[in-house]
Amino acid sequence: MRPTVMHLIDDIKLGGVNLALESLAASRLNQSYHFKLIHRRLYLPSFKRYAADVIVVHGALSWRKIPALLALKLANLNTPILYQEHHYSREFVAHRVAHPKRFYSMLKFGYSLMDRVLLVSTAQASWLEERGILAKEKMVLVGQAKELSRFIALPSRPTVLPLKLLAYGRLSQQKGFDLLIQAMAKLASDSVSLTLAGVGEDESLLSKLAASIPHVRLIGEVQDVPRLLDTIDVVVIPSRWEPFGLTCLEAIAAGKPVVLTALDGLEDQLSQLQEQGEGYYVIDELSVDGIEQALSQVLIDAQNDELIKVNKQQRESCEQGWESMLNNWQRVLGEALEPRASTMFEDQKRR
(Lines give C-alpha, C1' and ligand atoms only; values in the text may rest on other atoms or scores of the structure.)
Protein backbone atom coordinates (compact mmCIF):
# COMPACT_ATOMS: atom_id res chain seq x y z
CA MET A 1 0.00 0.00 0.00
CA ARG A 2 1.31 3.46 -0.92
CA PRO A 3 2.02 5.83 1.97
CA THR A 4 -0.40 8.78 2.07
CA VAL A 5 1.12 12.26 1.80
CA MET A 6 -1.37 14.94 2.87
CA HIS A 7 -0.79 18.46 1.56
CA LEU A 8 -2.62 21.12 3.59
CA ILE A 9 -3.10 24.30 1.53
CA ASP A 10 -4.66 27.37 3.10
CA ASP A 11 -4.99 29.72 0.11
CA ILE A 12 -6.71 28.61 -3.09
CA LYS A 13 -5.65 31.93 -4.71
CA LEU A 14 -1.98 30.93 -4.79
CA GLY A 15 -2.10 29.96 -8.45
CA GLY A 16 1.54 29.01 -8.93
CA VAL A 17 1.69 27.00 -5.69
CA ASN A 18 -1.49 25.10 -6.45
CA LEU A 19 -0.40 24.37 -10.02
CA ALA A 20 2.97 23.07 -8.81
CA LEU A 21 1.31 20.82 -6.22
CA GLU A 22 -1.19 19.50 -8.77
CA SER A 23 1.74 18.65 -11.06
CA LEU A 24 3.51 16.90 -8.18
CA ALA A 25 0.40 14.88 -7.32
CA ALA A 26 0.04 13.77 -10.96
CA SER A 27 3.76 13.00 -11.42
CA ARG A 28 5.55 9.64 -11.52
CA LEU A 29 5.80 9.85 -7.73
CA ASN A 30 2.13 8.92 -7.45
CA GLN A 31 3.20 5.35 -8.17
CA SER A 32 4.99 5.35 -4.81
CA TYR A 33 2.86 7.79 -2.79
CA HIS A 34 -0.82 8.60 -2.53
CA PHE A 35 -1.02 12.41 -2.62
CA LYS A 36 -4.05 14.19 -1.16
CA LEU A 37 -4.45 17.97 -1.56
CA ILE A 38 -6.66 19.43 1.18
CA HIS A 39 -7.65 23.09 1.36
CA ARG A 40 -7.98 24.19 4.96
CA ARG A 41 -7.93 27.54 6.76
CA LEU A 42 -4.89 27.32 9.03
CA TYR A 43 -5.96 30.16 11.34
CA LEU A 44 -8.77 27.95 12.73
CA PRO A 45 -7.33 25.56 15.38
CA SER A 46 -8.47 21.96 14.98
CA PHE A 47 -7.31 18.81 16.75
CA LYS A 48 -8.17 16.69 13.73
CA ARG A 49 -6.00 13.61 13.31
CA TYR A 50 -5.32 13.00 9.62
CA ALA A 51 -5.12 9.54 8.08
CA ALA A 52 -1.72 10.33 6.62
CA ASP A 53 1.82 9.00 6.79
CA VAL A 54 3.32 12.44 6.10
CA ILE A 55 1.71 15.90 6.37
CA VAL A 56 3.07 18.81 4.33
CA VAL A 57 1.85 22.29 5.25
CA HIS A 58 1.59 25.01 2.59
CA GLY A 59 0.54 28.33 4.07
CA ALA A 60 2.15 31.63 4.96
CA LEU A 61 3.23 31.52 8.61
CA SER A 62 1.86 34.20 10.95
CA TRP A 63 1.32 34.66 14.67
CA ARG A 64 -2.39 34.18 14.00
CA LYS A 65 -1.78 30.68 12.62
CA ILE A 66 0.54 29.44 15.38
CA PRO A 67 -2.33 28.05 17.56
CA ALA A 68 -3.64 26.02 14.60
CA LEU A 69 -0.17 24.65 13.86
CA LEU A 70 0.30 23.70 17.52
CA ALA A 71 -3.06 21.89 17.46
CA LEU A 72 -2.07 20.13 14.23
CA LYS A 73 1.19 18.93 15.79
CA LEU A 74 -0.44 17.73 19.02
CA ALA A 75 -3.16 15.85 17.15
CA ASN A 76 -0.64 14.17 14.84
CA LEU A 77 2.30 13.55 17.18
CA ASN A 78 3.52 10.39 15.45
CA THR A 79 3.20 11.77 11.94
CA PRO A 80 6.11 13.67 10.31
CA ILE A 81 5.05 17.25 9.57
CA LEU A 82 6.93 19.10 6.85
CA TYR A 83 6.51 22.75 5.89
CA GLN A 84 7.16 24.17 2.42
CA GLU A 85 8.18 27.83 2.41
CA HIS A 86 6.58 29.29 -0.72
CA HIS A 87 5.89 32.73 0.68
CA TYR A 88 8.76 34.49 2.37
CA SER A 89 12.09 35.78 1.10
CA ARG A 90 14.65 38.50 1.72
CA GLU A 91 12.84 41.02 -0.50
CA PHE A 92 9.46 40.23 1.06
CA VAL A 93 10.83 41.45 4.38
CA ALA A 94 12.27 44.57 2.75
CA HIS A 95 8.92 45.52 1.18
CA ARG A 96 6.29 44.24 3.60
CA VAL A 97 7.62 43.81 7.13
CA ALA A 98 7.54 46.83 9.45
CA HIS A 99 9.03 45.02 12.46
CA PRO A 100 11.61 42.47 11.22
CA LYS A 101 12.68 41.25 14.70
CA ARG A 102 9.13 40.27 15.59
CA PHE A 103 8.65 38.67 12.16
CA TYR A 104 11.86 36.63 12.45
CA SER A 105 10.81 35.44 15.93
CA MET A 106 7.52 34.22 14.49
CA LEU A 107 9.29 32.37 11.67
CA LYS A 108 11.75 30.76 14.06
CA PHE A 109 8.96 29.52 16.33
CA GLY A 110 6.78 28.34 13.43
CA TYR A 111 9.65 26.43 11.83
CA SER A 112 10.46 24.81 15.19
CA LEU A 113 7.10 23.02 15.04
CA MET A 114 8.08 21.25 11.82
CA ASP A 115 10.25 18.19 11.29
CA ARG A 116 11.71 19.68 8.11
CA VAL A 117 11.34 22.96 6.21
CA LEU A 118 11.37 22.61 2.43
CA LEU A 119 12.76 25.56 0.48
CA VAL A 120 12.16 26.56 -3.13
CA SER A 121 15.40 28.39 -4.00
CA THR A 122 19.04 28.73 -3.01
CA ALA A 123 18.49 32.45 -2.39
CA GLN A 124 15.77 31.63 0.12
CA ALA A 125 18.00 29.10 1.90
CA SER A 126 20.90 31.59 2.08
CA TRP A 127 18.64 34.29 3.54
CA LEU A 128 17.28 32.02 6.28
CA GLU A 129 20.72 30.70 7.17
CA GLU A 130 22.22 34.21 7.29
CA ARG A 131 19.46 35.41 9.64
CA GLY A 132 19.92 32.39 11.92
CA ILE A 133 16.21 31.62 11.59
CA LEU A 134 16.52 28.01 10.48
CA ALA A 135 19.20 25.47 11.35
CA LYS A 136 20.97 24.11 8.28
CA GLU A 137 20.25 20.49 9.25
CA LYS A 138 16.50 21.21 9.29
CA MET A 139 16.30 22.86 5.86
CA VAL A 140 15.85 20.88 2.65
CA LEU A 141 16.25 22.54 -0.74
CA VAL A 142 13.67 20.85 -2.97
CA GLY A 143 13.32 23.67 -5.52
CA GLN A 144 10.16 24.45 -7.43
CA ALA A 145 8.92 23.26 -10.82
CA LYS A 146 5.96 21.83 -12.68
CA GLU A 147 5.27 19.56 -15.63
CA LEU A 148 6.19 21.61 -18.73
CA SER A 149 5.78 19.36 -21.78
CA ARG A 150 3.21 21.66 -23.44
CA PHE A 151 5.49 24.66 -22.94
CA ILE A 152 8.57 22.90 -24.32
CA ALA A 153 6.57 21.66 -27.33
CA LEU A 154 5.78 25.21 -28.49
CA PRO A 155 7.53 26.07 -31.77
CA SER A 156 9.98 28.94 -32.08
CA ARG A 157 8.43 31.84 -33.99
CA PRO A 158 10.01 34.87 -35.68
CA THR A 159 9.46 38.24 -34.00
CA VAL A 160 7.11 40.53 -35.90
CA LEU A 161 6.77 44.18 -34.93
CA PRO A 162 5.05 45.73 -33.07
CA LEU A 163 6.65 43.75 -30.25
CA LYS A 164 4.18 41.81 -28.12
CA LEU A 165 4.97 41.71 -24.38
CA LEU A 166 3.21 39.54 -21.80
CA ALA A 167 3.09 39.73 -18.00
CA TYR A 168 0.96 37.35 -15.99
CA GLY A 169 0.28 36.20 -12.45
CA ARG A 170 -1.62 37.37 -9.40
CA LEU A 171 -2.50 41.06 -9.69
CA SER A 172 -0.87 42.15 -6.44
CA GLN A 173 1.82 44.48 -5.14
CA GLN A 174 4.33 41.63 -5.23
CA LYS A 175 4.35 41.37 -9.02
CA GLY A 176 5.23 45.01 -9.78
CA PHE A 177 2.64 45.30 -12.56
CA ASP A 178 1.82 48.86 -11.45
CA LEU A 179 5.38 49.93 -12.31
CA LEU A 180 5.25 48.04 -15.60
CA ILE A 181 2.05 49.75 -16.77
CA GLN A 182 3.50 53.17 -15.96
CA ALA A 183 6.66 52.26 -17.88
CA MET A 184 4.55 51.25 -20.88
CA ALA A 185 3.08 54.77 -20.97
CA LYS A 186 6.57 56.02 -21.91
CA LEU A 187 6.88 53.69 -24.92
CA ALA A 188 5.42 54.30 -28.39
CA SER A 189 2.08 52.58 -28.92
CA ASP A 190 2.91 51.69 -32.53
CA SER A 191 6.11 49.85 -31.50
CA VAL A 192 5.10 47.68 -28.56
CA SER A 193 2.06 46.32 -26.72
CA LEU A 194 1.53 44.66 -23.36
CA THR A 195 -0.98 41.97 -22.42
CA LEU A 196 -1.49 41.58 -18.68
CA ALA A 197 -3.19 38.36 -17.54
CA GLY A 198 -4.41 37.43 -14.08
CA VAL A 199 -6.76 38.34 -11.26
CA GLY A 200 -6.14 39.66 -7.78
CA GLU A 201 -6.62 42.38 -5.22
CA ASP A 202 -4.95 45.09 -7.35
CA GLU A 203 -7.14 44.53 -10.42
CA SER A 204 -9.08 47.77 -9.98
CA LEU A 205 -5.91 49.84 -9.46
CA LEU A 206 -4.17 48.32 -12.49
CA SER A 207 -7.25 48.79 -14.67
CA LYS A 208 -7.29 52.48 -13.80
CA LEU A 209 -3.58 52.84 -14.56
CA ALA A 210 -4.05 51.16 -17.95
CA ALA A 211 -7.26 52.96 -18.91
CA SER A 212 -5.48 55.80 -20.74
CA ILE A 213 -2.74 53.63 -22.30
CA PRO A 214 -4.01 52.14 -25.58
CA HIS A 215 -1.19 49.59 -25.94
CA VAL A 216 -1.88 47.93 -22.56
CA ARG A 217 -4.76 45.51 -22.10
CA LEU A 218 -5.87 43.43 -19.12
CA ILE A 219 -7.48 40.11 -20.09
CA GLY A 220 -8.29 38.56 -16.70
CA GLU A 221 -7.55 34.99 -15.72
CA VAL A 222 -6.16 32.67 -18.39
CA GLN A 223 -6.47 28.89 -18.08
CA ASP A 224 -4.33 27.92 -21.08
CA VAL A 225 -0.97 29.59 -20.43
CA PRO A 226 0.99 27.73 -23.17
CA ARG A 227 -1.52 28.88 -25.78
CA LEU A 228 -1.17 32.47 -24.57
CA LEU A 229 2.64 32.27 -24.61
CA ASP A 230 2.49 31.07 -28.21
CA THR A 231 1.02 34.45 -29.23
CA ILE A 232 3.68 36.77 -27.73
CA ASP A 233 7.37 37.63 -28.08
CA VAL A 234 8.73 38.46 -24.60
CA VAL A 235 7.64 37.86 -20.98
CA VAL A 236 8.16 40.65 -18.42
CA ILE A 237 8.62 39.77 -14.72
CA PRO A 238 9.00 43.02 -12.71
CA SER A 239 8.46 41.40 -9.28
CA ARG A 240 9.27 43.19 -6.04
CA TRP A 241 9.85 39.82 -4.34
CA GLU A 242 9.70 36.25 -5.64
CA PRO A 243 10.72 33.25 -3.48
CA PHE A 244 11.00 31.24 -6.71
CA GLY A 245 9.18 32.66 -9.75
CA LEU A 246 7.40 29.92 -11.72
CA THR A 247 6.54 32.39 -14.50
CA CYS A 248 10.22 32.61 -15.47
CA LEU A 249 10.50 28.83 -15.71
CA GLU A 250 7.38 28.62 -17.89
CA ALA A 251 8.54 31.43 -20.18
CA ILE A 252 11.98 29.90 -20.79
CA ALA A 253 10.45 26.45 -21.35
CA ALA A 254 8.22 28.06 -23.99
CA GLY A 255 11.26 29.63 -25.67
CA LYS A 256 10.36 33.21 -24.73
CA PRO A 257 13.06 35.64 -23.55
CA VAL A 258 12.38 37.24 -20.18
CA VAL A 259 12.81 40.74 -18.79
CA LEU A 260 13.22 40.27 -15.05
CA THR A 261 14.42 41.60 -11.73
CA ALA A 262 17.53 39.84 -10.35
CA LEU A 263 16.27 39.14 -6.84
CA ASP A 264 15.29 36.24 -4.58
CA GLY A 265 14.49 33.05 -6.53
CA LEU A 266 14.65 34.90 -9.85
CA GLU A 267 18.35 35.44 -9.18
CA ASP A 268 18.79 31.65 -9.00
CA GLN A 269 17.11 31.23 -12.37
CA LEU A 270 19.08 34.10 -13.88
CA SER A 271 22.34 32.44 -12.80
CA GLN A 272 21.34 29.25 -14.58
CA LEU A 273 20.37 31.15 -17.73
CA GLN A 274 23.76 32.90 -17.69
CA GLU A 275 25.57 29.54 -17.49
CA GLN A 276 23.75 28.23 -20.57
CA GLY A 277 23.52 31.27 -22.83
CA GLU A 278 21.39 34.39 -22.88
CA GLY A 279 17.61 34.60 -23.18
CA TYR A 280 17.14 37.41 -20.67
CA TYR A 281 17.22 41.15 -20.03
CA VAL A 282 17.77 42.40 -16.47
CA ILE A 283 15.85 45.28 -14.90
CA ASP A 284 18.75 47.01 -13.15
CA GLU A 285 16.59 49.31 -11.04
CA LEU A 286 13.11 48.29 -9.93
CA SER A 287 11.30 51.53 -10.78
CA VAL A 288 9.21 52.95 -13.59
CA ASP A 289 12.34 54.40 -15.21
CA GLY A 290 14.33 51.21 -14.67
CA ILE A 291 11.68 49.06 -16.34
CA GLU A 292 11.29 51.57 -19.18
CA GLN A 293 15.05 51.47 -19.83
CA ALA A 294 15.08 47.66 -19.94
CA LEU A 295 12.07 47.54 -22.28
CA SER A 296 13.59 50.22 -24.52
CA GLN A 297 16.66 48.01 -24.99
CA VAL A 298 14.44 45.04 -25.83
CA LEU A 299 12.60 47.17 -28.38
CA ILE A 300 15.83 48.45 -29.97
CA ASP A 301 17.11 44.88 -30.29
CA ALA A 302 13.82 43.73 -31.82
CA GLN A 303 13.81 46.57 -34.34
CA ASN A 304 17.39 45.66 -35.35
CA ASP A 305 16.48 41.95 -35.55
CA GLU A 306 18.84 41.30 -32.62
CA LEU A 307 16.35 40.22 -29.96
CA ILE A 308 18.11 37.89 -27.50
CA LYS A 309 16.92 34.32 -27.96
CA VAL A 310 16.33 31.38 -25.63
CA ASN A 311 18.37 28.39 -26.78
CA LYS A 312 17.48 24.70 -26.89
CA GLN A 313 19.64 23.83 -23.87
CA GLN A 314 17.89 26.43 -21.73
CA ARG A 315 14.47 25.09 -22.71
CA GLU A 316 15.44 21.50 -22.00
CA SER A 317 16.99 22.41 -18.65
CA CYS A 318 13.52 23.44 -17.46
CA GLU A 319 12.41 19.84 -17.95
CA GLN A 320 15.54 18.64 -16.12
CA GLY A 321 14.60 20.98 -13.27
CA TRP A 322 11.25 19.19 -13.00
CA GLU A 323 12.97 15.80 -12.76
CA SER A 324 15.45 17.15 -10.21
CA MET A 325 12.62 18.45 -8.04
CA LEU A 326 10.81 15.09 -8.18
CA ASN A 327 14.01 13.35 -7.08
CA ASN A 328 14.32 15.80 -4.18
CA TRP A 329 10.73 15.14 -3.11
CA GLN A 330 11.29 11.39 -3.33
CA ARG A 331 14.35 11.70 -1.11
CA VAL A 332 12.73 13.92 1.52
CA LEU A 333 9.58 11.78 1.72
CA GLY A 334 11.67 8.62 2.01
CA GLU A 335 13.68 10.17 4.86
CA ALA A 336 10.49 11.31 6.62
CA LEU A 337 9.01 7.82 6.43
CA GLU A 338 12.20 5.98 7.45
CA PRO A 339 11.70 6.16 11.24
CA ARG A 340 8.10 4.94 10.88
CA ALA A 341 9.19 2.04 8.66
CA SER A 342 11.83 1.04 11.25
CA THR A 343 9.23 1.14 14.05
CA MET A 344 6.81 -1.02 12.06
CA PHE A 345 9.58 -3.50 11.32
CA GLU A 346 10.47 -3.76 15.02
CA ASP A 347 6.78 -4.24 15.92
CA GLN A 348 6.51 -7.08 13.41
CA LYS A 349 9.64 -8.74 14.84
CA ARG A 350 8.23 -8.62 18.37
CA ARG A 351 5.04 -10.25 17.20
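Structure: above.
First things first, this report covers the structure right here in the doc.

About the cut-offs
Residues numbered from 1 in each chain as written. Predicted model: local features only at pLDDT ≥ 70, side-chain atom pairs only at ≥ 80, totals over all residues. Heavy atoms only, no water. Axes fitted to C-alpha atoms, helices over the stretch in contact; angles between N-to-C directions. Helix = DSSP H or I, 4+ residues; strand = E, 2+ residues; numbered from the N terminus. Parallel < 35°, antiparallel > 145°, perpendicular 65-115°, else oblique. Contact = heavy atoms within 4.5 Å. Nonpolar A, V, L, I, M, F, W, Y, C, P; charged D, E, K, R; others polar. Polar contact = N/O pair within 3.5 Å; in protein donor to acceptor, adjacent residues only side chain to side chain. Buried < 20%, exposed > 50% of the residue type's maximum accessible area, 1.4 Å probe, protein only. Pairing = 2+ DSSP bridges. Right-handed = clockwise from strand over helix to strand, strands pointing away. Salt bridge = Lys/Arg side-chain N within 4 Å of Asp/Glu carboxyl O. 1 Å grid on protein atoms, 1.4 Å probe; cavity = no way out; pocket = protein on both sides within 12 Å on 5 of 7 lines; lining within 4 Å. Points joined across faces, edges and corners; volume = space filled by probe spheres on them. Phe/Tyr/Trp six-rings, centres within 6.5 Å; stacked < 30°, edge-to-face > 60°. Lys NZ or Arg CZ within 6 Å of the ring centre and 35° of its normal.

This part takes up the packing of helix H7 (residues 177-184) against helix H8 (residues 203-210). At a closest axis distance of 9 Å, the pairing of H7 and H8 adopts a crossing angle of 5 degrees. Overall, the two elements H7 and H8 adopt an arrangement that is roughly parallel. Along the contact surface, H7 presents Phe177, Asp178, Ile181 and Gln182, while H8 presents Leu206, Leu209 and Ala210. Class assignment for the residues of the contact of H7 with H8 results in five nonpolar, one polar and one charged.

Now for unusual backbone geometry. The omega angle of the peptide bond from leucine 161 to proline 162 is 5 degrees, so this bond is cis rather than trans. Here proline 162 lies in the loop between helix H6 (149-152) and strand E7 (163-168). Even without being a glycine, aspartate 305 presents a positive backbone phi close to 55 degrees. Tracing the backbone through its elements, the reader meets aspartate 305 in the loop between helix H12 (288-303) and helix H13 (312-350).

Time to look at the environment of glutamate 201. Relative to the elements of secondary structure, glutamate 201 occurs in the loop between strand E8 (192-197) and H8. Glutamate 201 sits 63 residues away from aspartate 264 along the chain, and the two C-alpha atoms are 23 Å apart. Those residues in contact with glutamate 201, other than ones at most four positions away along the chain, are Arg170, Leu171 and Ser172. Side chain to side chain, glutamate 201 and arginine 170 meet in a polar contact 3.4 Å long.

Another aspect to go through is the pairing of strand E10 (residues 234-237). Neither face of E10 is open: one carries Val234 and Val236, the other Val235 and Ile237, and all of them are buried. As defined by bridge partners, E7 adjoins E10 across two bridges and the pair is classed as parallel. Counted as the bridge partner of leucine 165 is valine 234 from E10. Note that E10 and strand E11 (residues 258-261) share three bridges and pair parallel. What sits directly across from valine 236, in E11, is valine 259. Between the parallel elements E10 and E11, the chain passes through helix H10 (residues 246-253) in a crossover that is right-handed.

Taken as a whole and assessed by the stated rule, the structure comprises 13 salt bridges. The partner of arginine 28 in a salt bridge is glutamate 323, and the shortest N-O contact between them spans 3.1 Å. Residue arginine 28 is found in the loop between helix H1 (15-25) and strand E2 (34-39), and its partner glutamate 323 is found in helix H13; the two are separated by 295 residues along the sequence. When its relative accessible area of 32% is taken as the criterion, arginine 28 is described as partly exposed.

Now for the environment of glycine 245. Its location among the elements puts glycine 245 in the loop between E10 and H10. Spatially, the C-alpha atom of glycine 245 lies 9.5 Å from that of alanine 145, the residues being 100 residues apart in sequence. When neighbours within four sequence positions are excluded, glycine 245 is seen to be in contact with Leu266 and Gln269.

Counted under the stated rule, the structure contains one cavity of 30 Å³ or more. Volume-wise, the largest cavity comes out at about 40 Å³. In terms of lining, the largest cavity is formed by Ala20, Leu21, Leu24, Gln84, His86, Gln144, Met325 and Trp329. At the level of elements, H1 and H13 are the ones that each hand at least two residues to the lining of the largest cavity. Take the lining of the largest cavity: its biggest share by element is three residues, from H1. Residue classes in the lining of the largest cavity are distributed as five nonpolar, three polar and no charged.

Okay, H10 next. Taking burial as the measure, the eight residues of H10 include eight buried ones, the bulk of the element. Directly after H10, the chain includes glycine 255, whose backbone phi takes a positive value near 80 degrees.

So, about the sheet that holds E10. In spatial order, the strands read E9-E8-E7-E10-E11-E12; together these six strands make up an open sheet with parallel pairing. Here the strands that pair on one side only, and so sit at the sheet edges, are strand E9 (216-220) and strand E12 (280-283). Pairwise comparison of adjacent strand axes, ignoring direction, gives a mean angle of 25 degrees for this sheet. On top of the sheet, H12 reaches E7, E8, E10, E11 and E12; it is set at about 155 degrees to E12, its chief contact.

Taken as a whole and assessed by the stated rule, the structure comprises seven aromatic pairs. On the basis of an interplanar angle of 50 degrees and a centroid distance of 4.8 Å, the ring pair of tyrosine 88 and phenylalanine 92 is categorised as tilted. Arranged with centres 5.4 Å apart and planes meeting at 85 degrees, the rings of phenylalanine 92 and tryptophan 241 form a pair that is edge-to-face. With phenylalanine 92 in helix H3 (residues 90-96) and tryptophan 241 in the loop between E10 and H10, this residue pair connects regions lying 149 residues apart in the sequence. Accessibility expressed as a relative area gives 14% for phenylalanine 92, which makes it buried. Classification of tryptophan 241 as buried rests on a relative accessible area of 4%. Grouping aromatic residues by their ring pairs yields a cluster made of Tyr88, Phe92, Phe103, Tyr104 and Trp241. Cation over ring: arginine 64 sits above tyrosine 43, and NZ or CZ is 4.1 Å from the ring centre.

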